[in-house]
Amino acid sequence: MTREEVHKNILWGAATAAYQVEGATYCDGKGKNSWDEYYEKNPLGYDGNIAVDHYHHVEEDLKLFHEIGLETYRFSVSWSRIFPEGTGQMNPKGLEFYDRIVDRLNEYGIEPYLTLYHWDLPLPLLKKGGWLNKEVIEDFLAYCKLLFEHFRGRVRLWGTINEPASEVMEGYIQGTHPPQEKNNTHALQVSHHFNVASAAAIKMFRDMGMEGKIGIVLNPMPVDVLEDTKENRKARDYAYDFMSDWYISPALTGHYPKNMLEFCQKTYGAPIIDDKDYKLMEENIGDYLGVNYYMRRVVEAKDLDSDKIEEKFSFVRVPDGNYTKWGWEIYPQGLENLLKQIYNKYGKKEIIISENGIGFDDQADEDGFFEDNERISYLKQHIEVVEDLCMQGINISAYYVWSAIDLLSWTNGYQKRYGLIGVDYNTLERSIKKSGFWYRNFILGEDT
């Protein structure tokens, strides 16, 4: 295919997540969730009570998404807005809010892409053990069933679970996200329950005869070394298997990487896997693999003999690397390396780039305009990689900028801006950034 044909074949969009944009934490019957409690327990100087108040600005925001030419919009549903207790009584006002989003998107000709779970677990379910308790999978399926039935025919793109690796790593190993544990055994079991939950949701989707596509959304990172030594290569393999392939392999085969599984079960006694789990996972591979790409990781060997996986390698900075003020390396080549690595190991698979973007400390000028040239440069570089990969035969069907609008960064508050649309956090006034205008022209084929 030519670049022009590739451009026309890809759905170009942008993404957000419920908790990061909606605000309205206690409005219209929404229940408390894991992040509401997290910010109460950890006074960081910011929270999600207002965020960018998308809940009350939804019509304005969707109109702006239309104005910047989005062909598709990825958003998540707040489980606790639908089921305030996680199960039981459904909240009609919560469902009405998402009706407004879906119906307006369809009116604008913007393809809705609905993510079922993006980290915000209803608090009552967290209190009964969260994802460590396998009963929560049944609660999740009841929630999925309601949304499948309600949005049948109106939503054709579905994501099951967003970035399980992040919730596992930061919630159960580093202790920086809910539920703030540091327990590798729990982490590994939770990762398995995420995979079972996703497979079960995919099975339900197909058993119900739903139209469209469904898949899990991961954030795998390619892993490189600075110095090519035997020890560093071994550390690289540990890091990639632990952070990336531990999630890619079950998503695409229904099984975990053999060596890593043996190490984890021997060292941590987890995950405990039922035979029926494997059957469920094998038989319910997603229609696509969602890939959120932000950066690569570069590692060196640490203590390869340690029985703690995270002590076998350490992260290192690349001399003269291009880093943001938050330490994230800008490395477009990593996306190509990652997708080729996946294709080489697992074969041809439809890929959706479900998030790709960068957080900068954007500053509006005296007229309130965001001239975010750094973001435009970042997007141009990564989109060029996406189109090149398509021309080489990798099937990328959609691409989503993170994010459509400025939003709450989970542990960086509101200083770190990602949006194509800017928000004045004092007045909540919205304005299209320079990158938003650029993206509109790019989608139209007027600025490549």
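Okay, so let's go over this structure.

Criteria and thresholds
- Residues numbered from 1 in each chain as written.
- Predicted model: local features only at pLDDT ≥ 70, side-chain atom pairs only at ≥ 80, totals over all residues.
- Heavy atoms only, no water.
- Pairing = 2+ DSSP bridges.
- Helix = DSSP H or I, 4+ residues; strand = E, 2+ residues; numbered from the N terminus.
- Axes fitted to C-alpha atoms, helices over the stretch in contact; angles between N-to-C directions.
- Contact = heavy atoms within 4.5 Å.
- Phe/Tyr/Trp six-rings, centres within 6.5 Å; stacked < 30°, edge-to-face > 60°.
- Buried < 20%, exposed > 50% of the residue type's maximum accessible area, 1.4 Å probe, protein only.
- 1 Å grid on protein atoms, 1.4 Å probe; cavity = no way out; pocket = protein on both sides within 12 Å on 5 of 7 lines; lining within 4 Å.
- Points joined across faces, edges and corners; volume = space filled by probe spheres on them.
- Parallel < 35°, antiparallel > 145°, perpendicular 65-115°, else oblique.
- Left-handed = near helix turned anticlockwise from the far one by under 90°.
- Nonpolar A, V, L, I, M, F, W, Y, C, P; charged D, E, K, R; others polar.
- Expected span 1.5 Å × (residues − 1).

So, the sheet that holds strand E8 (residues 297–301)
Okay, so step 1: On the basis of which strands lie adjacent, the open sheet formed by 3 strands has the order E6-E8-E9 and mixed pairing. Of all strands in the sheet, those bounded by a partner on one side alone are strand E6 (223–225) and strand E9 (313–315). The average undirected angle you get between the axes of adjacent strands in this sheet is 45°.
Okay, so step 2: Looking at chain direction, E6 and E8 are connected through 3 bridges and run parallel. Looking at E8, one finds that Asp224 is bridged to Val298.
Okay, so step 3: In the packing of helix H11 (residues 230–253) onto the sheet, the strands contacted are E6, E8 and E9, and the crossing angle to E8 comes to about 130°.

A closer look at the packing of aromatic side chains
Okay, so step 1: Overall, the coordinates contain 38 aromatic pairs when judged by the stated rule.
Okay, so step 2: Between Trp79 and Tyr117 the ring centres are 6.2 Å apart and the planes differ by 85°, which places this aromatic pair in the edge-to-face class. Of this pair, Trp79 sits in helix H5 (residues 79–82) while Tyr117 sits in strand E3 (residues 111–117), placing them 38 residues apart in sequence. This pair shows no difference in class: Trp79 is buried, exactly as Tyr117 is.
Okay, so step 3: Between Trp158 and Phe205 the ring centres are 6.4 Å apart and the planes differ by 65°, which places this aromatic pair in the edge-to-face class. Taken together, the residues span a long stretch of sequence, with Trp158 in strand E4 (residues 157–162) and Phe205 in helix H10 (residues 184–207) at a distance of 47 residues. For the residue pair Trp158 and Phe205, the accessibility class agrees, reading buried in each case.
Okay, so step 4: Here the aromatic residues Tyr19, Trp35, Tyr38, Tyr39, Tyr46, Trp119, Trp410, Tyr414 and Tyr425 are joined through ring pairs into a cluster of three or more.

Brief notes about the side chain of Lys30
Okay, so step 1: You can see Lys30 is positioned in the loop between helix H2 (18–21) and helix H3 (34–41).
Okay, so step 2: With residues near it in sequence (within four places) discarded, Lys30 still touches Ala24, Thr25, Asp36, Ser78, Ser80, Arg81, Pro84 and Asn91.

Thoughts on the sheet that holds strand E7 (residues 289–292)
Okay, so step 1: Here 8 strands make up a closed barrel; going around it, the order is E1-E2-E3-E4-E5-E7-E10-E11 and the pairing parallel. Adjacent strand axes in the sheet meet at a mean angle of 25° when their direction is disregarded.
Okay, so step 2: Direction of pairing for E3 relative to E4: parallel, over a ladder of 4 bridges. Bridge pairing in E4 links Thr115 to Gly159.
Okay, so step 3: H11 rests against strand E5 (213–218) and E7 of the sheet, and its axis sits at about 165° to E5.

Topic: empty space enclosed by the protein
Okay, so step 1: A full pass over the atoms with the stated rule returns 5 cavities of 30 Å³ or more.
Okay, so step 2: There is about 130 Å³ of room inside the largest cavity.
Okay, so step 3: Lining the largest cavity are 16 residues; nearest its centre among them are Ser198, Ile216, Pro250, Ala251 and Asn284.
Okay, so step 4: Per element, the largest residue contribution to the lining of the largest cavity is 4 residues, and it comes from H10.

Focus on the packing of helix H9 (residues 164–173) against H11
Okay, so step 1: At a closest axis distance of 10 Å, the pairing of H9 and H11 adopts a crossing angle of 135°. The orientation of H9 relative to H11 falls into the category oblique. Judged by the twist between their axes, the crossing of H9 over H11 is right-handed. Taking contact as the criterion, the partners of Pro164, Ala165, Val168, Met169 and Ile173 in H9 are, on H11, Phe242, Met243 and Tyr247.
Okay, so step 2: Here the contact of H9 with H11 is built from residues that sort into 8 nonpolar, no polar and no charged.

With respect to helix H8 (residues 135–151)
Okay, so step 1: Look at H8: 25 Å from first C-alpha to last across 17 residues, which is about the 24 Å you get at 1.5 Å a residue.
Okay, so step 2: Within the span of H8, buried status applies to Val136, Ile137, Asp139, Phe140, Leu141, Tyr143, Cys144, Leu146, Leu147, Phe148 and Phe151.
Okay, so step 3: Once H8 ends, the next one or two residues include Gly153, with phi positive near 85°.

As for the pairing of E7
Walk down a regular strand and you will see the side chains alternate between the two sheet faces.
Okay, so step 1: Burial along E7 is two-sided: the residues Leu289 and Val291 and Gly290 and Asn292 are all buried.
Okay, so step 2: Note: E5 against E7, 2 bridges, orientation parallel. Bridge pairing in E7 links Leu218 to Val291.

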